[in-house]
Amino acid sequence: MTHFISSARLSLERIKEIIDNHEQLALSEESVAAIEKCRKYLDSKMEDIDRPIYGVTTGFGSLYNITIPAEDLSQLQHNLVMSHACGTGETVRPEIVKIMLLLKAQSLSYGHSGAQLVTVQRLVDMFNNDILPVVYQQGSLGASGDLAPLAHMCLPLIGLGEVLYKGKVRPSTEVWAEMGWESIRLQSKEGLALLNGTQFMSAHAVWSILKAIRLSKWADLIGAMSLDAYDGRIEPFLPLTHLLRPHKGQIDTGKRFMEILEGSQLIRRPKEHVQDPYSFRCIPQVHGAVKDNIRYVESVIENEINSATDNPNVFPDEDMIISAGNFHGEPIAIPMDTLAIALSELANISERRIFRLISGQRDLPKFLVAKPGLNSGFMIPQYTAASIVSQNKGLCWPASCDSIPSSQGQEDHVSMGSNAATKLVRVADNVETVLAIELFNAAQALEFRRPSHTSALLERIFSDFREEVPFIENDTYMHPLIEAAVRFIKQEKYF
């Protein structure tokens, strides 16, 4: 299948389809016309320009007041990309780099950036052939665009840098030779169009939101299994209560738990206890708040990925070139920080449910083994979950509340959205692990409720899980089992 890049709104759901189905990209006729029109306007403007235009005929940042001779404008853009590739730290995972390529091509396709058609097409070609630039996580302040990471992404365009291709990291020049591609000679403004933009932040956000949606659904399924295994009560999920406090996420969560637990013998049996702990009783309020936040952040990021975020903005029809601040990451930095906080709460409440399951309460054996003492059982997986939850608390300190001036004070307020983005990915990974540990515990606890059964859906999940992770009768090496549980919840077939 082929996805045509156009002005039509691009949703996160559509991005997921493109990635999951390994679709090819192509520029629509509309996009080709817009790109060529803008480039032609900019070239004609250079012939009779009567004033300095930032980034087009001037230096960058605090060097904005230095005019560059016409014969050096191409070299100016080449130097920009080359000199800004100062990233450090860990490399960005390939699946996020691929989203970066898609989002940069999308942003340049609107015809307000001045990129050459050949440049945008090369980004598309890289995406289609899984030629993924090596990009580093550290280096962007999330304000003048994601300068350093986008420079690394774009180095191969000019014959520099490295790419991951067919499982190996290689110099881009070698791969270009194999593909029969020539290096691109950047034109005026073009390097700035490539480096200014929020595609590093946005790609991390897209990846994290898609993962957050999956984890939120799994949190409900796993939480429901834990509730039944703990002999919990269904009343906190009844709709009447939630209609008194009509947050959408809360209502949806209560309804979802009623659906998941439909037909369960365990949930219907008489209870000796009047109330459950908050980690069970308040699931609709906590999981629901997370759902509401995911929905909000998704709406913000969808706006972002359907925007032109470089500078200056070129308006051929209005005969205007406007230097402004669409590259500033604040509109998405704050939401990314809030999403990290929201996701961390899924792990926070999950760890508390794990703690309850191993506490020897409600006729469950201590640490979920028949012979505690000789066996430590599920004692230490809870330690692991607690350690991860604690790490998340540090990662959830908002990056967007910081700012360090740069470029001799010209760029005197920055969003630090890139740090928000990379932290968000780590939090999402951590939440996935904690939920997997809860599933590991919940399945073990459920065995001690036999012959009573939970709902058909949860029994199906339990049965499939047992094909990957066995019941633990005596102490065993648990790390591989936790890893298997993590792999298990990467599936989406249960929702």
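From a predicted model like this one, the values you see are computed outputs, not experimental measurements. Throughout, residues of each chain are indexed from 1 in the direction in which the sequence is written. pLDDT decides what is reported in this predicted model: residues at 70 or higher carry local features, side-chain atom pairs at 80 or more are listed and counted, and totals for whole chains, interfaces and linings draw on all residues regardless. Hydrogens and water molecules were not included; the side-chain quantities draw on all heavy atoms of the structure.

Chemist: Lay out the packing of helix H4 (residues 94-108) against helix H9 (residues 199-229) with the relevant residues and their values.
Modeler: Each axis is a line fitted through C-alpha atoms, taken for helices only over the stretch in contact, and angles between the N-to-C directions span 0 to 180 degrees. For the purposes of this entry, the term helix denotes a DSSP run of H or I that reaches at least four residues, the term strand denotes a run of E that reaches at least two, and both are numbered from the N terminus. In the contact formed by H4 and H9, the axes pass within 8 Å of each other and the chain directions differ by 125 degrees. Accordingly, the angle class assigned to the pair H4 and H9 is oblique. Seen from above, H4 lies across H9 with right-handed handedness. Facing H4, whose interface residues are Glu95, Ile96, Ile99, Met100, Leu103, Lys104 and Ser107, H9 presents Gln199, Phe200, Ser202, Ala203, His204, Val206 and Trp207. Considered class by class, the residues forming the contact of H4 with H9 number eight nonpolar, four polar and two charged. Any angle that is under 35 degrees is reported as roughly parallel, and any over 145 degrees as roughly antiparallel; angles of 65 to 115 degrees are reported as roughly perpendicular and all others as oblique. When the near helix sits turned anticlockwise from the far one by under a right angle, the crossing is termed left-handed; a clockwise turn instead gives a right-handed crossing. Contact criterion: two residues are considered in contact whenever any of their non-hydrogen atoms come within 4.5 Å of each other. When residues are sorted by character, Ala, Val, Leu, Ile, Met, Phe, Trp, Tyr, Cys and Pro go into the nonpolar class, Asp, Glu, Lys and Arg into the charged class, and all the rest, Gly among them, into the polar class.

Chemist: Can you explain the sheet that holds strand E7 (residues 168-171)? Please cite residues and give values.
Modeler: Should DSSP find at least two bridges between two strands, the strands are regarded as paired. With antiparallel pairing, three strands are arranged side by side in an open sheet as E4-E6-E7. Two strands close off the open sheet at either side, each with one partner strand: strand E4 (132-133) and E7. Bridge analysis of E4 against strand E6 (residues 162-165) gives two bridges, and the strand direction is antiparallel. Note that in E6 the partner of Leu132 across the bridge is Leu164.

Chemist: Run through the packing of aromatic side chains, naming residues and quoting values.
Modeler: Note on aromatic contacts: the rings of Phe and Tyr and the six-membered ring of Trp form a pair at centre separations within 6.5 Å, being stacked when their planes are under 30 degrees apart, edge-to-face when over 60 apart, and tilted otherwise. Per the counting criterion, the structure on display carries ten aromatic pairs. A centroid spacing of 6.0 Å and a plane angle of 85 degrees characterise the contact between Trp218 and Phe495, whose relative ring orientation is edge-to-face. Of this pair, Trp218 sits in helix H9 while Phe495 sits in the segment after helix H19 (479-488), and the two are 277 residues apart along the sequence. Whether a residue is buried, partly exposed or exposed follows from its accessible area with a 1.4 Å probe, protein chains only, as a fraction of its type maximum: under 20%, in between, or over 50%, in that order. A relative accessible area of 0% places Trp218 in the buried class. Under the relative-accessibility criterion, Phe495 is labelled partly exposed at 32%. By way of ring pairs, the aromatic residues Trp218, Phe465, Phe488, Tyr494 and Phe495 are connected into one cluster. In this structure, Lys98 packs its charged tip against the face of Phe127, placed 4.7 Å from the ring centre. Should the NZ of a Lys or the CZ of an Arg lie within 6 Å of a ring centre and within 35 degrees of the ring normal, that charge is described as sitting over the ring. Stacked on the ring of Phe355, the Lys or Arg Arg352 has its end atom at 4.4 Å from the ring centre.

Chemist: I'd like a rundown of the environment of His413, residues and numbers included.
Modeler: With respect to the secondary-structure elements, His413 resides in the loop between helix H16 (379-395) and helix H17 (417-447). Linking His413 and His328, residues 85 residues apart in sequence, is a C-alpha distance of 9.2 Å. In contact with His413, other than residues within four places in its own chain, are Ala143, His328, Glu330 and Ser403.

Chemist: Could you give me a rundown of the packing of helix H15 (residues 330-357) against H17, with the residues and numbers involved?
Modeler: Working note: a packed helix pair is described by the angle between its axes plus the distance between those axes. Viewed as axis vectors pointing N to C, H15 and H17 meet at an angle of 20 degrees, and their least axial separation amounts to 8 Å. Here H17 runs roughly parallel to H15, going by the angle between their axes. Like other packed secondary-structure pairs, H15 and H17 cross with a definite hand, here left-handed. Broken down by class, the residue content of the contact of H15 with H17 amounts to 20 nonpolar, four polar and five charged.

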